[in-house]
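Listed below are the residues making up each chain.
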Amino acid sequence: MLTPTPLEELLDLAADVIGGDRRVLPAGAAGSPFITLGGGLGQAVRLQARAERQLGLAVDLAQLLGPAPLADVLARARPAPVRAAGGGERGAAVRALLPGQSAALAAEREAGAGAVTRILSAELSGPLDTDALRRALAALGARHEGLRTAFAATARGPVRRVLAVCPPSLVTLEAVAAGPGEDLVAAAHARLAARAGRLVTRPGLPPLAFALTPLATGRHLLSFVHHDAVADSRSAALVWRELLADYDRAVRRRPLDRAPRPGPARMLPPGAAPHPEHPQRAPHPEHPRHAEPADHTDHTESAERAESAERQRGVAAGRTEAPGSGPAAARDVRGERLLLGLGTRLRDAADATARRAGVPHSTVLLAAWALAVGRRTGRERLLVDAEMPGRPTAELLGTVVPCAATAPVVCELEGGVDYFLRGVACAFSEALQYADPDDGAAVRGAAAPATPLSPAPARVAFAARDELLPASVRAGALTARFHHGHSGAVTADAALTVLRWHEHPLLSLEFASARLPRAQAAQLARTLRAALTALATSPPHTPVDDLALAPADDLPKNPPARTDTPAARPLALPLP
């Protein structure tokens, strides 16, 4: 029997990740890109990780999500860098900040702790063994130095200190007193939001905590409250997967793994290790982001387009009038959130449209968001700051570290429906090549404050997090169902996040209260639903300009009168 070639092995992995037939996929991969063969962002990340872990090959994530045939992308895979064994930094008292951490701390200084505080909760149904939970938390903290990392200020700037022993703290809160018919989880999250900032600003301790809130007999809400410098959304999901698995072993009296995982700094790409005086990553030719471009990619054009997008943002910052009540000396990060449930029929129609156009379902949602904002603002070309996966190695997928990046995706609202969707997918892939954890965190949390002479430009953001966690998980006698809390602060003027998709589709629309009144946010949410419906139900060649969306001023009949509601104004965007 002939030994399979590296390309054949990679194609087998791709078929396994996508869920396709290994005998059929090679023929399709010869002429079709990964996303048209059933792959999405989550599958691309898993394929990249498995290729490195099982075959020792590095696959470029941006190319994997691009328009090139899958076989061509996999044929360009290179040997993954070999890293030295051992912890590398183990034992050092003071260490330089990792990519992403410095910008997250800068965002806190700029906008306050609320702007960089995240809440991800599990509603626990069933008998809870708190002793087993504490043992599971201790094992989790022992494995991940990111959960034992505290931050301190020095004369040269902030640094991180990895504590030898520091189990994540478990804070028990009083039971929620909710009225008849009130959502207990929402009430617990609202109360926790007022305390979250204090939980992540304890001097000398890691900026994280677990808060346990009794809801009712046999029901608890366990919330992971953390600073952006500790974990990104993918790391937070990893924490929950491992914690519940450890809890399951603890209640069954099975041994828990406490062996420390490799430190995140050692697993960065070669040349990317931070220096105490220069925490930013240095370019390296072996990193895929700095590799020689593939034949089908115009590297110069991509760079110019990314730079052009940044120039547009910078130019507009000085002349775009923010729609708030008046300029402020500092950026107001107070915000609210609307949750949008979608029916299964609309979800299935969007999935069918994604398959037809050969794009991930997240692209359809990003396109609908861009279309909704474009219609509300009268723009045909706009930037959407999209959250990107930033884990260049397989080991980092199992490490608690802030690696996510945010990059501007240039959305052109033109052409037919499928042409528009493919254009957004290509723009996302292009932006992925230039996403940087430090730059992305800075874009999210430390936007330039408004001044009387230079009002801050409005920002629109998007993130797809539906593939990070299932809707529910069993652990021992418990059933854990996940909920995303809100700290009461925002990092964009309007941000759409996909929380769930395959089970009970749920979207989150966060908005800055000072720049987008709640009535306008509700209108924007209705326009988003109409845009998604139009994209999911229209023929492929229907011009985007001809799609009929709900009127922007389509308000519910007889809305309650409010004298304190500002007059509706169009949402400003940083583009001419």
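Please read these numbers as outputs of a predicted model, since none were measured by experiment.

**Side note on empty space enclosed by the protein**
Phase 1 of the analysis: Applying the stated criterion to the full structure yields nine cavities of 30 Å³ or more.
Phase 2 of the analysis: What the second largest cavity holds in volume is close to 270 Å³.
Phase 3 of the analysis: What lines the second largest cavity is a set of 23 residues, among which Leu-41, Glu-387, Pro-389, Phe-428 and Ala-464 lie closest to the centre.
Phase 4 of the analysis: Listing elements by their share of the lining of the second largest cavity, those giving two or more residues are helix H9 (233–251), helix H12 (361–377), strand E10 (381–388), helix H13 (417–432) and strand E12 (460–464).

**Observations concerning helix H3 (residues 41–55)**
Phase 1 of the analysis: Under the 1.5 Å per step criterion, the end-to-end length of H3 is 21 Å for 15 residues, consistent within 8% with the ideal 21 Å.
Phase 2 of the analysis: Among the residues of H3, Leu-41, Gly-42, Gln-43, Ala-44, Val-45, Leu-47, Gln-48, Ala-49, Ala-51 and Glu-52 are the ones counted as buried.
Phase 3 of the analysis: Buried residues along H3 sit against helix H1 (6–18), strand E1 (57–58), helix H4 (61–64), H9 and H13.
Phase 4 of the analysis: Downstream of H3 by one or two residues, Gly-56 has phi in the positive range, about 70°.

**What about the pattern of salt bridges?**
Phase 1 of the analysis: In the structure shown here, the tally under the stated rule is 21 salt bridges.
Phase 2 of the analysis: Residue Arg-50 pairs with Asp-16 through a salt bridge whose shortest N-O separation is 2.7 Å. Of this pair, Arg-50 sits in helix H3 while Asp-16 sits in helix H1, and the two are 34 residues apart along the sequence.
Phase 3 of the analysis: Among the ionic pairs, Arg-249 bridges to Asp-246, the shortest N-O distance being 2.5 Å.

**Some thoughts on the sheet that holds strand E11 (residues 405–412)**
Phase 1 of the analysis: Pairing is mixed across the open sheet formed by six strands, whose spatial order is E9-E16-E15-E12-E10-E11. Each having just a single partner strand, strand E9 (335–341) and E11 make up the two edges of the open sheet. Across the sheet, the axes of successive neighbouring strands diverge by a mean angle of 25°, strand direction being ignored.
Phase 2 of the analysis: Alignment of E10 against E12, held across two bridges, turns out to be parallel. Its bridge partner lying in E12, Asp-385 is registered against Ala-461.
Phase 3 of the analysis: Against the sheet, H12 contacts E10, E11, E12, strand E15 (494–500) and strand E16 (506–512), and its axis sits at roughly 165° relative to E12.
Phase 4 of the analysis: Helix H15 (residues 518–537) rests against E9, E15 and E16 of the sheet, and its axis sits at about 30° to E9.

**A word on the confidence of the model for the protein**
Phase 1 of the analysis: Looking at the protein, pLDDT values average 79 and 76% of them are 70 or higher.
Phase 2 of the analysis: Within the protein, the lowest mean pLDDT, 42, falls on helix H10 (residues 299–317), and the highest, 96, falls on strand E8 (residues 219–227).
Phase 3 of the analysis: In the predicted structure, residues 84–88 sits below a pLDDT of 50 and forms five contacts with residues beyond four places in sequence or in another chain.

**Looking at the packing of helix H11 (residues 344–357) against H13**
Phase 1 of the analysis: Relative orientation of the contacting elements H11 and H13 amounts to 80°, with a least axis distance of 10 Å. Here H11 is positioned roughly perpendicular relative to H13, judged by the angle of their axes. Listed contacts from H13 to Thr-353, Arg-356 and Ala-357 of H11 are Val-417, Asp-418, Leu-421 and Arg-422.
Phase 2 of the analysis: Residues belonging to the contact of H11 with H13 are distributed by class as follows: three nonpolar, one polar and three charged.

**Regarding the pairing of E15**
Phase 1 of the analysis: Most of E15 sits out of view: seven of its seven residues are buried.
Phase 2 of the analysis: The sheet contact formed by E15 and E16 spans six bridges and is antiparallel. Each residue of the ladder has a partner; that of Thr-497, found in E16, is Ser-508.
Phase 3 of the analysis: Hairpin connection, E15 to E16: the antiparallel pair is bridged by five residues, and His-504 has positive phi, about 50°.

**Digging into the sheet that holds strand E13 (residues 472–475)**
Phase 1 of the analysis: Read from one edge to the other, the open sheet built from six strands follows the order E6-E7-E8-E3-E14-E13, with strand pairing classed as mixed. The sheet is open, and its two edges are formed by strand E6 (170–172) and E13, each paired on a single side. Direction aside, neighbouring strands of the sheet carry axes that sit 25° apart on average.
Phase 2 of the analysis: With nine bridges joining them, strand E3 (residues 117–125) and E8 adopt antiparallel strand pairing. Paired with Ala-122 across the strands is Leu-222, a residue of E8.
Phase 3 of the analysis: Together, E6, strand E7 (208–216) and E8 form the strand contacts of helix H7 (residues 130–143), whose direction differs from that of E6 by roughly 150°.

Thresholds, definitions, all that
- Residues numbered from 1 in each chain as written.
- Predicted model: local features only at pLDDT ≥ 70, side-chain atom pairs only at ≥ 80, totals over all residues.
- Heavy atoms only, no water.
- 1 Å grid on protein atoms, 1.4 Å probe; cavity = no way out; pocket = protein on both sides within 12 Å on 5 of 7 lines; lining within 4 Å.
- Points joined across faces, edges and corners; volume = space filled by probe spheres on them.
- Helix = DSSP H or I, 4+ residues; strand = E, 2+ residues; numbered from the N terminus.
- Expected span 1.5 Å × (residues − 1).
- Buried < 20%, exposed > 50% of the residue type's maximum accessible area, 1.4 Å probe, protein only.
- Contact = heavy atoms within 4.5 Å.
- Salt bridge = Lys/Arg side-chain N within 4 Å of Asp/Glu carboxyl O.
- Pairing = 2+ DSSP bridges.
- Axes fitted to C-alpha atoms, helices over the stretch in contact; angles between N-to-C directions.
- pLDDT = per-residue confidence, 0-100.
- Parallel < 35°, antiparallel > 145°, perpendicular 65-115°, else oblique.
- Nonpolar A, V, L, I, M, F, W, Y, C, P; charged D, E, K, R; others polar.

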